[in-house]
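Spelled out, the chains give:
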Amino acid sequence: MDDKQLVALHAARYVKQGMLVGLGTGSTANYFIEELARLAREERLKFTTVASSTISAQNAQSLNLPIVALEHISSIDLYVDGADEITPDKTLLKGRGSDLVKEKLLAKAAERFIAVADASKLVTHIGENFPIPIEVMPFAWKLAKESLAQIGAVGDLRPNAAKDGYWITSHGSYVLDMKFAQNTNAKDLNALINNVPGVVEHGIFHNLADIVLIARDGQVSEQ
Ligand code: 5RP
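Our subject in this report is the structure included herewith. (Residues numbered from 1 in each chain as written. Predicted model: local features only at pLDDT ≥ 70, side-chain atom pairs only at ≥ 80, totals over all residues. Heavy atoms only, no water.)

### Looking at a nonpolar patch on the surface
A surface patch of nonpolar side chains, amounting to about 320 Å² of accessible area, comprises Met137, Phe139 and Val200. Relative to the assigned elements, phenylalanine 139 resides in the loop between β8 (132-136) and α5 (141-150). You can call phenylalanine 139 exposed: its relative accessible area is 72%. (Patch = residues over 30% accessible without salt bridge, like charges linked within 9 Å, V, L, I, M, F, W, Y side chains within 5 Å. Areas by Shrake-Rupley, 256 points an atom, 1.4 Å probe, with all protein chains shown as cover. Salt bridge = Lys/Arg side-chain N within 4 Å of Asp/Glu carboxyl O. Helix = DSSP H or I, 4+ residues; strand = E, 2+ residues; numbered from the N terminus. Buried < 20%, exposed > 50% of the residue type's maximum accessible area, 1.4 Å probe, protein only.)

### Considering the layout of surface pockets
One number sums up the size of the largest pocket: a volume of about 230 Å³. Around the largest pocket sit 16 residues that line it, and Thr25, Gly26, Ala83, Asp84 and Lys94 are the ones nearest its centre. When its residues are assigned to classes, the lining of the largest pocket shows two nonpolar, seven polar and seven charged. (1 Å grid on protein atoms, 1.4 Å probe; cavity = no way out; pocket = protein on both sides within 12 Å on 5 of 7 lines; lining within 4 Å. Points joined across faces, edges and corners; volume = space filled by probe spheres on them. Nonpolar A, V, L, I, M, F, W, Y, C, P; charged D, E, K, R; others polar.)

### So, the site of the ligand
Taken together, 15 residues lie near the ligand, and Ser27, Thr28, Asp84, Lys94 and Lys121 sit nearest. Separating an oxygen atom of the ligand from a backbone N or O atom of glycine 95 is a distance of 3.1 Å. Calculation on the ligand without its partners gives an accessible area of 380 Å², and the protein chains cover 89% of this total. With respect to the detected pockets, the ligand is housed in the largest pocket. (Near = heavy atom within 4 Å. Polar contact = N/O pair within 3.5 Å; in protein donor to acceptor, adjacent residues only side chain to side chain. Sits in = over half its atoms within 2 Å of the grid points.)

### Some details on the environment of tryptophan 167
Within the secondary structure layout, tryptophan 167 lies in the loop between β9 (154-157) and β10 (174-179). By relative accessible area, tryptophan 167 is classed as partly exposed at 25%. In the structure, tryptophan 167 is positioned 38 residues away from phenylalanine 205 in sequence and 21 Å away in space, judged by C-alpha atoms. Beyond its immediate stretch of four places on either side in the chain, tryptophan 167 contacts Arg96, Gly97, Ser98, Arg158, Pro159, Asn160, Ser173, Tyr174 and Val175. Within the structure, the side chain of tryptophan 167 is placed 3.1 Å from the side chain of serine 98, a separation counted as a polar contact. (Contact = heavy atoms within 4.5 Å.)

### Some remarks on the nonpolar core
Membership of the largest hydrophobic core comes to 24 residues, with the highest contact counts inside it found for Val15, Val21, Phe32, Leu36 and Ile114. Per-element tally for this core: the top contributor is helix α2 (residues 27-42), with five residues. Sequence-distant contacts of valine 15, that is, excluding residues within four places in its chain, are made with Val21, Phe32, Leu36, Leu45, Phe47 and Leu78. Residues Ile73, Leu100, Phe113 and Ala209 belong to the second largest nonpolar core, which totals 21 residues. (Core = buried A, V, L, I, M, F, W, Y, C linked by side-chain atoms within 4.5 Å.)

### Points about the packing of helix α1 (residues 3-12) against α2
At their nearest, the axes of α1 and α2 sit 8 Å apart, and the two run at 50° to each other. Overall, the two elements α1 and α2 adopt an arrangement that is oblique. Seen along the crossing, α1 lies across α2 with a hand that is right-handed. Taking contact as the criterion, the partners of Lys4, Gln5, Val7, Ala8, Leu9, Ala11 and Ala12 in α1 are, on α2, Ser27, Thr28, Tyr31, Phe32, Glu35 and Leu39. Residues that form the contact of α1 with α2 fall into these classes: eight nonpolar, three polar and two charged. (Axes fitted to C-alpha atoms, helices over the stretch in contact; angles between N-to-C directions. Parallel < 35°, antiparallel > 145°, perpendicular 65-115°, else oblique. Left-handed = near helix turned anticlockwise from the far one by under 90°.)

### Points about the environment of valine 68
When you line up the elements, valine 68 lands in strand β3 (residues 67-68). Sequence separation of valine 68 and leucine 20 is 48 residues, and the distance between their C-alpha atoms is 9.1 Å. Ignoring sequence-local partners within four residues, the contact set of valine 68 consists of Leu20, Thr48, Thr49, Val50 and Ile73.

Now the structure itself:
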(Lines give C-alpha, C1' and ligand atoms only; values in the text may rest on other atoms or scores of the structure.)
Protein backbone atom coordinates (compact mmCIF):
# COMPACT_ATOMS: atom_id res chain seq x y z
CA MET A 1 0.00 0.00 0.00
CA ASP A 2 1.45 3.41 -0.89
CA ASP A 3 1.50 6.36 1.49
CA LYS A 4 -1.38 8.17 -0.21
CA GLN A 5 -3.63 5.16 0.25
CA LEU A 6 -2.48 4.65 3.83
CA VAL A 7 -3.26 8.23 4.87
CA ALA A 8 -6.66 8.11 3.13
CA LEU A 9 -7.57 4.94 5.03
CA HIS A 10 -6.53 6.61 8.26
CA ALA A 11 -8.78 9.62 7.54
CA ALA A 12 -11.74 7.32 6.89
CA ARG A 13 -11.64 6.35 10.58
CA TYR A 14 -13.09 9.80 11.33
CA VAL A 15 -16.29 8.96 9.40
CA LYS A 16 -19.09 8.09 11.81
CA GLN A 17 -22.64 6.84 11.42
CA GLY A 18 -25.01 9.39 9.85
CA MET A 19 -22.38 11.94 8.87
CA LEU A 20 -22.51 14.19 5.81
CA VAL A 21 -19.02 13.80 4.35
CA GLY A 22 -17.32 16.05 1.76
CA LEU A 23 -15.27 14.27 -0.89
CA GLY A 24 -12.10 15.96 -2.12
CA THR A 25 -10.51 15.66 -5.54
CA GLY A 26 -7.30 13.94 -6.63
CA SER A 27 -5.53 10.63 -6.21
CA THR A 28 -5.43 10.72 -2.38
CA ALA A 29 -9.09 11.73 -2.20
CA ASN A 30 -9.92 8.84 -4.55
CA TYR A 31 -8.43 6.35 -2.10
CA PHE A 32 -10.65 7.90 0.59
CA ILE A 33 -13.74 7.48 -1.61
CA GLU A 34 -12.84 3.83 -2.24
CA GLU A 35 -12.42 3.23 1.48
CA LEU A 36 -15.82 4.82 2.18
CA ALA A 37 -17.36 2.39 -0.28
CA ARG A 38 -15.70 -0.49 1.56
CA LEU A 39 -16.95 0.76 4.93
CA ALA A 40 -20.49 1.08 3.58
CA ARG A 41 -20.37 -2.38 2.02
CA GLU A 42 -18.51 -4.41 4.62
CA GLU A 43 -19.21 -2.56 7.86
CA ARG A 44 -22.69 -1.24 7.04
CA LEU A 45 -21.59 2.31 7.88
CA LYS A 46 -24.28 4.77 6.80
CA PHE A 47 -23.40 8.29 5.69
CA THR A 48 -24.12 10.73 2.87
CA THR A 49 -21.52 12.38 0.65
CA VAL A 50 -21.16 15.64 -1.23
CA ALA A 51 -18.47 15.97 -3.89
CA SER A 52 -16.02 18.78 -4.67
CA SER A 53 -15.85 17.90 -8.36
CA THR A 54 -17.66 16.08 -11.12
CA ILE A 55 -14.98 13.39 -11.20
CA SER A 56 -15.31 12.68 -7.47
CA ALA A 57 -19.10 12.67 -7.81
CA GLN A 58 -18.75 10.15 -10.64
CA ASN A 59 -16.41 7.98 -8.55
CA ALA A 60 -18.80 8.08 -5.60
CA GLN A 61 -21.80 7.24 -7.75
CA SER A 62 -20.02 4.37 -9.49
CA LEU A 63 -19.34 2.94 -6.02
CA ASN A 64 -23.01 3.41 -5.02
CA LEU A 65 -22.31 5.99 -2.34
CA PRO A 66 -25.30 8.19 -1.44
CA ILE A 67 -24.59 11.69 -2.71
CA VAL A 68 -26.28 15.08 -2.43
CA ALA A 69 -25.65 18.23 -4.47
CA LEU A 70 -23.61 21.08 -3.04
CA GLU A 71 -26.45 23.56 -3.50
CA HIS A 72 -28.57 21.57 -1.05
CA ILE A 73 -26.25 21.72 1.93
CA SER A 74 -25.57 24.42 4.51
CA SER A 75 -22.88 22.60 6.49
CA ILE A 76 -21.11 19.25 6.54
CA ASP A 77 -19.63 17.12 9.30
CA LEU A 78 -16.33 16.21 7.72
CA TYR A 79 -14.30 17.12 4.63
CA VAL A 80 -11.28 15.08 3.53
CA ASP A 81 -9.06 16.29 0.69
CA GLY A 82 -5.48 16.24 -0.54
CA ALA A 83 -3.16 19.20 -1.11
CA ASP A 84 -0.20 20.20 -3.26
CA GLU A 85 1.71 21.94 -0.48
CA ILE A 86 1.30 21.97 3.32
CA THR A 87 3.12 24.32 5.71
CA PRO A 88 3.80 23.75 9.42
CA ASP A 89 0.88 26.08 10.36
CA LYS A 90 -1.53 23.87 8.30
CA THR A 91 -1.89 26.32 5.44
CA LEU A 92 -2.48 24.41 2.20
CA LEU A 93 -1.91 25.08 -1.45
CA LYS A 94 -4.50 23.37 -3.61
CA GLY A 95 -5.90 23.57 -7.06
CA ARG A 96 -3.72 21.82 -9.62
CA GLY A 97 -7.12 20.62 -10.80
CA SER A 98 -10.17 22.63 -11.82
CA ASP A 99 -12.28 22.57 -8.72
CA LEU A 100 -10.93 25.15 -6.32
CA VAL A 101 -14.26 26.84 -5.73
CA LYS A 102 -16.12 23.77 -4.55
CA GLU A 103 -13.08 22.54 -2.62
CA LYS A 104 -12.86 25.78 -0.64
CA LEU A 105 -16.63 25.92 -0.07
CA LEU A 106 -16.56 22.43 1.44
CA ALA A 107 -13.42 23.13 3.48
CA LYS A 108 -15.13 26.17 4.98
CA ALA A 109 -18.50 24.42 5.51
CA ALA A 110 -16.98 21.48 7.34
CA GLU A 111 -17.18 21.01 11.07
CA ARG A 112 -13.83 19.25 10.62
CA PHE A 113 -11.51 19.47 7.60
CA ILE A 114 -8.81 16.83 7.41
CA ALA A 115 -6.05 17.38 4.85
CA VAL A 116 -4.34 14.15 3.78
CA ALA A 117 -1.04 13.79 1.95
CA ASP A 118 2.24 11.97 1.69
CA ALA A 119 5.36 13.65 3.01
CA SER A 120 6.34 15.02 -0.42
CA LYS A 121 3.74 17.75 0.11
CA LEU A 122 5.39 19.26 3.20
CA VAL A 123 6.99 22.68 2.60
CA THR A 124 8.21 25.56 4.74
CA HIS A 125 6.22 28.22 2.85
CA ILE A 126 3.37 28.32 0.34
CA GLY A 127 4.60 28.66 -3.22
CA GLU A 128 7.79 26.69 -2.61
CA ASN A 129 7.13 24.05 -5.27
CA PHE A 130 4.23 25.47 -7.28
CA PRO A 131 2.91 28.84 -8.38
CA ILE A 132 -0.35 29.95 -6.74
CA PRO A 133 -3.34 29.00 -8.94
CA ILE A 134 -5.69 31.98 -9.15
CA GLU A 135 -9.04 31.40 -10.81
CA VAL A 136 -10.24 34.51 -12.67
CA MET A 137 -13.28 35.42 -14.73
CA PRO A 138 -12.22 35.05 -18.38
CA PHE A 139 -12.96 38.69 -19.31
CA ALA A 140 -11.07 39.90 -16.22
CA TRP A 141 -7.83 37.98 -16.67
CA LYS A 142 -5.67 40.78 -17.98
CA LEU A 143 -6.81 43.36 -15.44
CA ALA A 144 -6.51 40.78 -12.66
CA LYS A 145 -3.01 39.87 -13.83
CA GLU A 146 -2.07 43.57 -13.79
CA SER A 147 -3.43 43.97 -10.23
CA LEU A 148 -1.49 40.89 -9.18
CA ALA A 149 1.69 42.24 -10.83
CA GLN A 150 1.27 45.40 -8.76
CA ILE A 151 1.51 43.31 -5.61
CA GLY A 152 4.63 41.56 -6.86
CA ALA A 153 3.30 38.50 -8.69
CA VAL A 154 4.79 37.08 -11.87
CA GLY A 155 3.09 34.48 -14.04
CA ASP A 156 0.63 33.84 -16.78
CA LEU A 157 -2.52 32.07 -17.87
CA ARG A 158 -2.36 28.32 -17.53
CA PRO A 159 -2.38 26.65 -20.97
CA ASN A 160 -4.69 23.74 -21.70
CA ALA A 161 -3.34 20.20 -21.97
CA ALA A 162 -2.90 20.42 -25.75
CA LYS A 163 -1.22 23.85 -25.36
CA ASP A 164 -3.46 25.24 -28.07
CA GLY A 165 -5.66 27.30 -25.74
CA TYR A 166 -6.20 28.13 -22.08
CA TRP A 167 -7.17 25.91 -19.20
CA ILE A 168 -10.84 26.27 -18.28
CA THR A 169 -12.02 25.34 -14.80
CA SER A 170 -15.24 23.46 -14.13
CA HIS A 171 -16.91 26.85 -13.59
CA GLY A 172 -15.69 28.30 -16.88
CA SER A 173 -12.91 30.45 -15.40
CA TYR A 174 -9.29 30.88 -16.50
CA VAL A 175 -6.37 30.16 -14.16
CA LEU A 176 -3.42 32.49 -13.61
CA ASP A 177 -0.45 30.57 -12.16
CA MET A 178 1.43 33.26 -10.24
CA LYS A 179 4.65 33.33 -8.25
CA PHE A 180 5.08 35.76 -5.37
CA ALA A 181 8.15 36.84 -3.40
CA GLN A 182 9.13 33.96 -1.12
CA ASN A 183 9.04 36.12 2.00
CA THR A 184 5.32 37.02 1.72
CA ASN A 185 3.49 35.02 4.35
CA ALA A 186 0.41 32.98 3.43
CA LYS A 187 -1.96 35.01 5.60
CA ASP A 188 -1.01 38.28 3.86
CA LEU A 189 -1.02 36.62 0.44
CA ASN A 190 -4.49 35.22 1.08
CA ALA A 191 -5.82 38.67 1.96
CA LEU A 192 -4.03 40.39 -0.95
CA ILE A 193 -5.35 37.96 -3.58
CA ASN A 194 -8.87 38.01 -2.09
CA ASN A 195 -8.83 41.76 -2.68
CA VAL A 196 -8.13 41.61 -6.44
CA PRO A 197 -11.22 42.32 -8.59
CA GLY A 198 -12.01 39.57 -11.09
CA VAL A 199 -10.57 36.80 -8.89
CA VAL A 200 -13.08 33.99 -8.37
CA GLU A 201 -10.95 31.90 -5.99
CA HIS A 202 -7.35 30.96 -5.34
CA GLY A 203 -5.38 27.98 -4.09
CA ILE A 204 -4.26 29.19 -0.65
CA PHE A 205 -6.33 27.49 2.05
CA HIS A 206 -5.39 29.47 5.13
CA ASN A 207 -6.92 28.71 8.52
CA LEU A 208 -9.21 26.03 7.09
CA ALA A 209 -7.58 22.66 7.84
CA ASP A 210 -8.27 21.38 11.35
CA ILE A 211 -6.12 18.28 11.07
CA VAL A 212 -3.27 17.43 8.71
CA LEU A 213 -2.46 13.74 8.34
CA ILE A 214 0.85 12.89 6.71
CA ALA A 215 2.03 9.45 5.68
CA ARG A 216 5.73 8.80 5.41
CA ASP A 217 7.28 5.39 4.76
CA GLY A 218 4.20 3.50 5.91
CA GLN A 219 3.57 5.57 9.06
CA VAL A 220 0.82 8.17 9.53
CA SER A 221 1.31 11.14 11.81
CA GLU A 222 -0.79 14.16 12.69
CA GLN A 223 0.90 17.52 12.07
C1 5RP B 1 -7.09 19.27 -6.60
C2 5RP B 1 -6.24 19.25 -5.38
C3 5RP B 1 -5.64 17.93 -4.97
O4 5RP B 1 -6.15 17.59 -3.73
C5 5RP B 1 -4.14 18.07 -4.92
O6 5RP B 1 -3.69 18.41 -6.23
C7 5RP B 1 -3.48 16.76 -4.45
O8 5RP B 1 -3.69 15.75 -5.39
P9 5RP B 1 -3.13 14.29 -5.16
O10 5RP B 1 -3.86 13.71 -4.00
O11 5RP B 1 -3.46 13.59 -6.47
O12 5RP B 1 -1.65 14.37 -4.92
O13 5RP B 1 -6.02 20.24 -4.72
O14 5RP B 1 -7.56 20.58 -6.83
